[in-house]
Amino acid sequence: MASVTSLSDSVQQHLASALSATLPEAAGADPLLRRSDRADFQANGILALAKKAKANPRELATQVVSRVETGDELIKDVEVSGPGFLNITIADRAITANLAARYADDTGRLGVPTAAQPGTTVIDYAQPNVAKEMHVGHLRSAVIGDSVVQLLEFTGENVVRRHHIGDWGTQFGMLIQYLDEHPHELDHKEAQVTGEEAMSNLDRLYKAARKLFDSDEEFKTRARRRVVDLQAGDAHTLAMWQKFVDESKIYFFSVFEKLDMEIRDADIVGESGYNDMLAETCRLLEESGVAVRSEGALCVFFDDIKGPDGNPVPLIVQKSDGGYGYAATDLSAIRDRVFNLKANTLLYVVDARQALHFKMVFETARRAGWLNEDVTAFQLAFGTVLGKDGKPFKTREGETVRLVDLLDEAIDRASAVVREKAQDLSEEEIAERGAQVGIGAVKYADLSTSANRDYKFDLDQMVSLNGDTSVYLQYAYARIQSILRKAGETRPAAHPELALAAAERALGLHVDAFAETVAEAAAEYAPHKLAAYLYQLASLYTSFYDKCPVLKAETPQQVENRLFLCDITARTLHQGMALLGIRTPEKL
Ligand code: ARG
């Protein structure tokens, strides 16, 4: 087993056994260990335990302390402070030795353990809509979802990815009917183009069709009939639909590639993929009484969901004309994910503005027995991307911003930054790094605030070299690589016998906490916790570098040990950034 117990877990175990030896009823209790400014760690759990046992907390703490083994192996010193806290100092040797064990992990996982009994999570993310241009809203689902996939997989979870693209419903009847009536609107243009350009043609077609649909009642009726043809599998209609889907997918792939993100065709199961389940889903809901007919529509009602007029707002599973909508598809997808994919957890990375939809869908699935204590669903809801003015992000003309334009601009800005700082990079390298820095900047800005909050899309800030940006982290990584190159023949090597400077201890303790941070970020679906950890890692590295000469350290052992600290910091940065979907170039 390459897995390494973290220092904090080891200390935790020591404290827990000293505690249960002192107070048998406290067996299994959490000593509540935290990193602290006073010492390396502080344990605050004794207060509550003493209160429960009606004991004096300071006395209890003193007794526990007398049972804690101290020395060079792990805990150098432990003392009682305040009303009954424990302040714990870790031995320098233990810090270096633990990091050395992580460094020796040849799986590249830095000793981070995997779950003993992993579950299966189906994650629904990166779900653009067919025949529509991707906009900045689609960025968040893709970026957050991709990072959560990486995090969960790293902890050993079984992850099934689902890209629930919008490829079904009324709008396709409209599009197909429009194209049938205006056959030349796409053909001659589309003949020579693919990808982005074809997509903006499709997008234009979509807008024209929409306009007609909204203004011409007869066209609306013909379009509605076309949806019925589509859902019934009419060959000509299906063939036209397939064309839209294929064209759009080529475009999606080009955007995801620009985002440096792997999206696999097999994981794209759009709304249309559940078409065959819709009738059955409705039948099951109606027969079990979960859904009832109301004015011809099949509805699910909720006591706590009412409109502004006080009337209940139902979830409509089937419309009165027999058509199925978004809810029927999502309910069918739940059945598929629970019963066919055998998921324990369903995760949806979707805009917070769809919270009510998911609340109703999940509650319906619970009533139907598809979700329960063993199979749970959760919407990882994200906030809105805002412009610099704090309003939802729009172009100066008030239109939604195309995602591709935004990414291109980020890459341009980043390339300028790279070019300015570049010392020995070729034009080709500048272009490659520019893309890695620009895309990294966009992803990091998104991932470094907690998902549920809105954030401002500010490219100047995002590509800044100072502050909490990916560029700062990428430069920290590249700087370490340059030191390692300069070291030449001298290789990093751990020397646990050496005393550590304060900046070395702080850096070392933080590096050791990587495993806990990843576990927490994965369990809470919170990439921002990992981002905050990495930023602090880079900051601690900077102070270490300022205070502790590496190649000019006093003894050869100290040079090696500091190179070792540099290298394990770099590996941690690299792994952590990879979990955020961000590259760490070797040279910048
Ligand atoms: N395509 C939808 C949109 O662009 C998001 C789909 C979310 N996933 C789901 N299972 N409903 O808003």
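Bear in mind that the values here come from a model prediction, so they are computed numbers and not experimental data.

Another point: the overall build of the protein. Scanning the protein from terminus to terminus reveals 21 helices and 13 strands. Each principal axis of the C-alpha distribution contributes one length, and for the protein these read about 85 × 65 × 45 Å. Here the protein holds 588 residues, and the buried ones make up 41% of them. For the protein, restricting intrachain contacts to residue pairs at least 6 apart in sequence, the fraction spanning at least 24 positions comes to 73%.

When the domains of the protein are assigned, the result is domain 1 (7-90), domain 2 (163-167 + 169-269), domain 3 (270-378) and domain 4 (403-579). At the junction of the two partners, domain 2 supplies 9 residues and domain 3 supplies 8 residues. Of the residues contributing to the side of domain 2 that touches domain 3, the split by class is 4 nonpolar, 4 polar and 1 charged.

Time to look at unusual backbone geometry. At Ala131, a position not held by glycine, the phi torsion is positive, near 65°. Checked against the element boundaries, Ala131 lands in the loop between strand S5 (120-124) and helix H5 (136-154). Residue classification places Ala131 among the buried positions, given that 23 C-beta atoms sit within 10 Å. We note that Asp260 has phi near 60°; this positive angle belongs to a residue other than glycine. Assessed through the 16 C-beta atoms surrounding it within 10 Å, Asp260 is described here as partly exposed.

Right, let's talk about the nonpolar core for a bit. Residues Leu175, Val317, Val349 and Ala441 are the most contacted members of the largest nonpolar core, which totals 167 residues. Per-element tally for this core: the top contributor is helix H21 (residues 556-579), with 10 residues. Discounting chain neighbours no more than four positions away, the residues touching Val349 are Ile123, Asp124, Tyr125, Ser141, Ile144, Gly145, Val148, Leu380 and Phe382.

On the basis of which strands lie adjacent, the open sheet formed by 4 strands has the order S6-S5-S10-S11 and parallel pairing. Where the open sheet ends on each side, the last strands, each with one partner, are strand S6 (158-162) and strand S11 (376-382). Put simply, the sheet's adjacent strands are angled 20° from each other on average, direction ignored. Where S5 meets S6, 5 bridges bridge the pair, whose relative direction is parallel. Residue pairing in the sheet places Ile123 in a bridge with Arg161 of S6. The strands that H5 touches are S5, S6, strand S10 (345-351) and S11; relative to S10, the one it contacts most, it runs at about 155°.

With respect to topology, 4 strands assemble into an open sheet ordered S1-S2-S4-S3, the strand pairing being antiparallel. Bordering the open sheet on either side are strand S1 (33-35) and strand S3 (75-81), each of which pairs with just one other strand. The sheet shows a mean angle of 25° between the axes of neighbouring strands, direction not considered. In terms of strand pairing, S3 meets strand S4 (residues 85-90) through 6 bridges, oriented antiparallel. Paired with Val80 across the strands is Leu86, a residue of S4. Sitting on the sheet, helix H1 (residues 7-22) is in contact with S1, strand S2 (41-43), S3 and S4, with an inclination near 145° to S1.

As a further point, take the environment of Leu175. Positionally, Leu175 belongs in helix H6 (residues 170-181). Separated by 118 residues in sequence, Leu175 and Pro57 place their C-alpha atoms 73 Å apart. Among residues more than four places away in sequence, those in contact with Leu175 are Ala131, Leu205, Tyr206, Ala209 and Phe244.

Our next topic: the site of the ligand. Close to the ligand lie Asp124, Gln127, Asn129, His164, Gly166, Asp330, Ala333, Tyr348 and Val350. Listed by contribution, the elements that provide at least two residues to the shell around the ligand are helix H12 (326-340) and S10. Here the shell around the ligand is composed, by residue class, of 3 nonpolar, 4 polar and 2 charged.

Inspection of the secondary structure puts Ser10 in helix H1. Each C-alpha atom, one on Ser10 and one on Leu74, is 8.1 Å from the other, the two residues being 64 residues apart in sequence.

Our next topic: the UniProt feature "domain: DALR anticodon binding" (unreviewed entry) in the protein. The feature "domain: DALR anticodon binding" (unreviewed entry), as annotated in UniProt, sits at residues 473-588 in this numbering. Helix makes up 69% of residues 473-588 and strand 0%, with an end-to-end C-alpha separation of 11 Å.

So, on to the packing of helix H20 (residues 527-547) against H21. Interaxial distance between H20 and H21 falls to 10 Å at its minimum, and their mutual angle equals 160°. In terms of orientation, H20 lies roughly antiparallel with respect to H21. Here the hand of the crossing between H20 and H21 comes out left-handed. Residues Leu530, Tyr533, Leu534, Leu537, Ala538, Tyr541 and Phe544 of H20 touch H21, and the partners they reach there are Leu565, Thr569, Thr572, Leu573, Gly576, Met577 and Leu579.

On to the packing of helix H19 (residues 514-523) against H20. One can describe the packing of H19 onto H20 by two numbers: an axis separation of 7 Å at closest approach and a directional angle of 155°. Between H19 and H20, the crossing angle belongs to the class labelled roughly antiparallel. Here Thr517, Val518, Glu520 and Ala521 of H19 lie close against H20, whose contacting residues are Pro527, Lys529, Leu530 and Tyr533. A class-by-class count of the residues in the contact of H19 with H20 yields 5 nonpolar, 1 polar and 2 charged.

Look at helix H15 (residues 427-447): 30 Å from first C-alpha to last across 21 residues, which is about the 30 Å you get at 1.5 Å a residue. Of all 21 residues making up H15, 15 are buried, and the element is well covered by its neighbours.

Let us look at the environment of Tyr535. Looking at the secondary structure, you find Tyr535 in helix H20. On the basis of neighbour count, Tyr535 is assigned to the partly exposed category, with 19 C-beta atoms found within 10 Å. Each C-alpha atom of the pair Tyr535 and Leu573 lies 9.2 Å from the other, and the pair is 38 residues apart in sequence. Those residues within four positions of Tyr535 in sequence are excluded, and the remaining contacts are Asp468 and Leu473.

Rules and cut-offs
- Residues numbered from 1 in each chain as written.
- Predicted model: local features only at pLDDT ≥ 70, side-chain atom pairs only at ≥ 80, totals over all residues.
- Helix = DSSP H or I, 4+ residues; strand = E, 2+ residues; numbered from the N terminus.
- Buried ≥ 20, exposed ≤ 12 C-beta atoms within 10 Å, placed from the backbone.
- Contact = placed C-beta atoms within 7 Å.
- Domains from an automatic or database assignment.
- Nonpolar A, V, L, I, M, F, W, Y, C, P; charged D, E, K, R; others polar.
- Core = buried A, V, L, I, M, F, W, Y, C linked by C-beta atoms within 7 Å.
- Pairing = 2+ DSSP bridges.
- Axes fitted to C-alpha atoms, helices over the stretch in contact; angles between N-to-C directions.
- Near = placed C-beta within 6 Å.
- UniProt positions renumbered as here; feature names shortened; annotations may be inferred.
- Parallel < 35°, antiparallel > 145°, perpendicular 65-115°, else oblique.
- Left-handed = near helix turned anticlockwise from the far one by under 90°.
- Expected span 1.5 Å × (residues − 1).

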